[in-house]
Amino acid sequence: MQNTIGGLGEFALITRVTSQFPTTDDVILGPGDDAAVVAAPDGRTVATTDLLVEGRHFRREWSTARDVGHRAVAQNFADIAAMGARPTGLLIGFAAPSDLPVAWAEEFTAGVRDECAVAGGAVVGGDMVGSDTLTIAVTALGDLQGRAPVRRDGARPGDVVAYTGHLGLSAAGLALLERGIDGPAECLSEHRRPSPPYARGVEAARLGATAMLDVSDGLVQDLGHVCRAGGVRIDLDSAALRPHPALLEAVAVLGAEGPGAAAEAAVALMVAGGEDHALVAAFPPGTALPGHWHRIGSVTDPAAGTPGGGGAGDENPVTVDGRAPRNRGWDHFREG
């Protein structure tokens, strides 16, 4: 009965899983002891944590175990990158029912391993427990390499707002899966395996970014955190939000009729959709940005009121073309 994790047993599963993980120069002591030891040459460690709960963040009928492994790493190391840091280590808590196939756990491990190879970090430890609900808890670590962290509260009026990565593809992929439509592969792939632009977080820090975060809950929702932290407003230019061709194809498949309707629906997903884990940042005016950073708006003074909102502390500190968007993004605890 060793085809399930209950039949195999905790310690045999730990041995089987950890043997697949490579190490890096950041790892002084990896899995196998009471705790790991990770180098911190900067003297500071960036740390973040996140959860993936089956039925809430992924569904096994939609995503393979390898997909979930990629996602677990991506959504955590994206937060490290958003601080302007380099990913170094991961600690993974794995809670699963005893009848989970060993093959699922091994494929999940392969996804974690492969995404770590892309991001540059390594798994340094974790824990396994039995649970009725498959749940994965990840803590990620990063190295600032001597730079100041890029926080959310540094944006100032006059700064330009730009993003890098993908916006809207994951939300479109989710909509396609919910409706059972085999739509554009790029959208489905981005939902199942987000592809954060890890190295561009460090790049943004070097370019002098004043604020930055990864887009996990929607562009407007996440930029709202920048506004409230820094006491500013942000206005986005819808004309600068140029949808990926796969996103336009997806919204057409989902029912948007005509080029104008498709473009409008695609921009709406770029504004409110999340889980692509693109990076969005504010930069001082005049910053020479590489072509993969797309300017989409500007930081404004909170005293300059706009329709649909008041100051930076109100419900709508982020506007699109000067107006509050209809959908601001995802909130785990908001009804509806």
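Not measured: the values here are computed from a predicted model. (Residues numbered from 1 in each chain as written. Predicted model: local features only at pLDDT ≥ 70, side-chain atom pairs only at ≥ 80, totals over all residues. Heavy atoms only, no water.)

Across its full length, the protein chain holds ten helices and twelve strands. Taking 20 Å as the expected radius of gyration for a compact globule of 336 residues, we find that the protein chain reaches 21 Å, a close match to that expectation. Based on the C-alpha atoms only, the size of the protein chain along its principal axes is roughly 65 × 50 × 35 Å. Across the 336 residues of the protein chain, 49% fall into the buried class. Considering only contacts within the protein chain whose residues lie at least 6 apart along the sequence, 83% involve residues at least 24 apart. Per element, the accessible surface of the protein chain, about 14600 Å² overall, is 53% carbon and sulfur. Mean positive and mean negative side-chain charge positions of the protein chain (26 and 42 charges, respectively) differ by 4 Å. (Helix = DSSP H or I, 4+ residues; strand = E, 2+ residues; numbered from the N terminus. Rg over C-alpha atoms; globule rule 2.2 N^0.38 Å. Buried < 20%, exposed > 50% of the residue type's maximum accessible area, 1.4 Å probe, protein only. Contact = heavy atoms within 4.5 Å. Areas by Shrake-Rupley, 256 points an atom, 1.4 Å probe, with all protein chains shown as cover. Lys, Arg positive; Asp, Glu negative; His and termini not counted. Charge placed at Lys NZ, Arg CZ, Asp CG, Glu CD.)

With that settled, consider the nonpolar core. Ranked by size, the top nonpolar core spans 42 residues in total, and within it Val-161, Leu-219, Leu-223, Ile-234, Leu-236, Val-280 and Ile-296 carry the most contacts. Once you skip the residues sitting within four places of it in the chain, Val-280 turns out to touch Val-161, Ala-162, Tyr-163, Ala-211, Met-212, Leu-213, Val-215, Leu-219 and Leu-223. Core analysis: the next-biggest nonpolar cluster, separate from the first, contains 36 residues, Ile-5, Ala-74, Phe-94 and Tyr-198 among them. (Core = buried A, V, L, I, M, F, W, Y, C linked by side-chain atoms within 4.5 Å.)

What follows concerns the sheet that holds strand S5 (residues 122-130). Across the sheet, four strands lie side by side as S3-S6-S4-S5; this open sheet has mixed pairing. Whereas interior strands pair on both sides, the edge strands pair on one side only; in this sheet they are strand S3 (46-53) and S5. Between one strand axis and the next, the sheet turns through 15° on average, direction left out of account. Taken together, the eight bridges between S3 and strand S6 (residues 135-143) define a ladder with antiparallel strand orientation. Note that in S6 the partner of Leu-52 across the bridge is Ile-136. Seen against the sheet, helix H4 (residues 102-119) touches strand S4 (86-96), S5 and S6 and runs at an angle of roughly 170° to S4. (Pairing = 2+ DSSP bridges. Axes fitted to C-alpha atoms, helices over the stretch in contact; angles between N-to-C directions.)

As recorded in UniProt, the feature "binding site: ATP" (unreviewed entry) lies at Gly-126, Asp-127, Arg-152 and Ser-216. Over a stretch of 91 residues, the named residues are scattered through the fold, their C-alpha atoms separated by up to 31.4 Å. Inspection of the secondary structure assignment puts Asp-127 in strand S5. Looking at the secondary structure, you find Ser-216 in the loop between strand S8 (211-214) and helix H8 (219-230). (UniProt positions renumbered as here; feature names shortened; annotations may be inferred.)

On to the packing of helix H5 (residues 169-178) against helix H9 (residues 245-253). With their axes 10 Å apart at the nearest point, H5 and H9 run at an angle of 30° to one another. Between H5 and H9, the interaxial angle falls into the category roughly parallel. At the point where H5 passes H9, the crossing takes the left-handed sense. On the side of H5, the interface is formed by Leu-169, Ala-172 and Leu-176, while H9 contributes Ala-246, Leu-247, Ala-250 and Val-253. Residues that form the contact of H5 with H9 fall into these classes: seven nonpolar, no polar and no charged. (Parallel < 35°, antiparallel > 145°, perpendicular 65-115°, else oblique. Left-handed = near helix turned anticlockwise from the far one by under 90°. Nonpolar A, V, L, I, M, F, W, Y, C, P; charged D, E, K, R; others polar.)

Next up on the list: the domain arrangement of the protein chain. For an interface, size is often stated in terms of accessible area lost upon the parts coming together. The assigned domain composition of the protein chain is domain 1 (5-143) and domain 2 (160-320). Using only C-alpha atoms to locate each centre, domain 1 and domain 2 end up separated by 27 Å. Opposite the 22 residues of domain 1 that make contact, domain 2 presents 18 residues. Surface buried jointly by domain 1 and domain 2 totals about 1700 Å² across both partners, of which 57% is contributed by carbon and sulfur atoms. When the area that domain 1 buries against domain 2 is broken down by residue, the three leading residues are Trp-62, Arg-71 and Ala-82, summing to 37%. The tally of links between domain 1 and domain 2 comes to two salt bridges. Where Arg-193 meets Asp-67, a salt bridge forms, and the shortest distance between an N and an O atom there is 2.6 Å. (Domains from an automatic or database assignment. Buried area = accessible area lost by both parts, 1.4 Å probe. Salt bridge = Lys/Arg side-chain N within 4 Å of Asp/Glu carboxyl O.)

Let us now look at the packing of aromatic side chains. Applying the stated criterion across every chain, the model contains four aromatic pairs. Lying over the aromatic face of Trp-62, Arg-59 brings its terminal NZ or CZ to 3.9 Å of the ring centre. (Phe/Tyr/Trp six-rings, centres within 6.5 Å; stacked < 30°, edge-to-face > 60°. Lys NZ or Arg CZ within 6 Å of the ring centre and 35° of its normal.)

Glancing now at H8. Its twelve residues place the ends of H8 17 Å apart at the C-alpha level, agreeing with the 16 Å of an ideal helix rising 1.5 Å per residue. Buried within H8 we find Leu-219, Val-220, Gln-221, Asp-222, Leu-223, Gly-224, Val-226 and Cys-227. (Expected span 1.5 Å × (residues − 1).)

What follows deals with the pattern of salt bridges. This structure, assessed with the given rule, holds twelve salt bridges. The partner of Arg-86 in a salt bridge is Asp-26, and the shortest N-O contact between them spans 2.9 Å. With a gap of 60 residues between them, Arg-86 in strand S4 and Asp-26 in the loop between helix H2 (10-18) and strand S1 (27-29) connect regions that are remote in the sequence. Judged by relative accessible area, Asp-26 falls into the buried class, the value being 9%. Where Glu-275 meets Arg-71, a salt bridge forms, and the shortest distance between an N and an O atom there is 3.5 Å.

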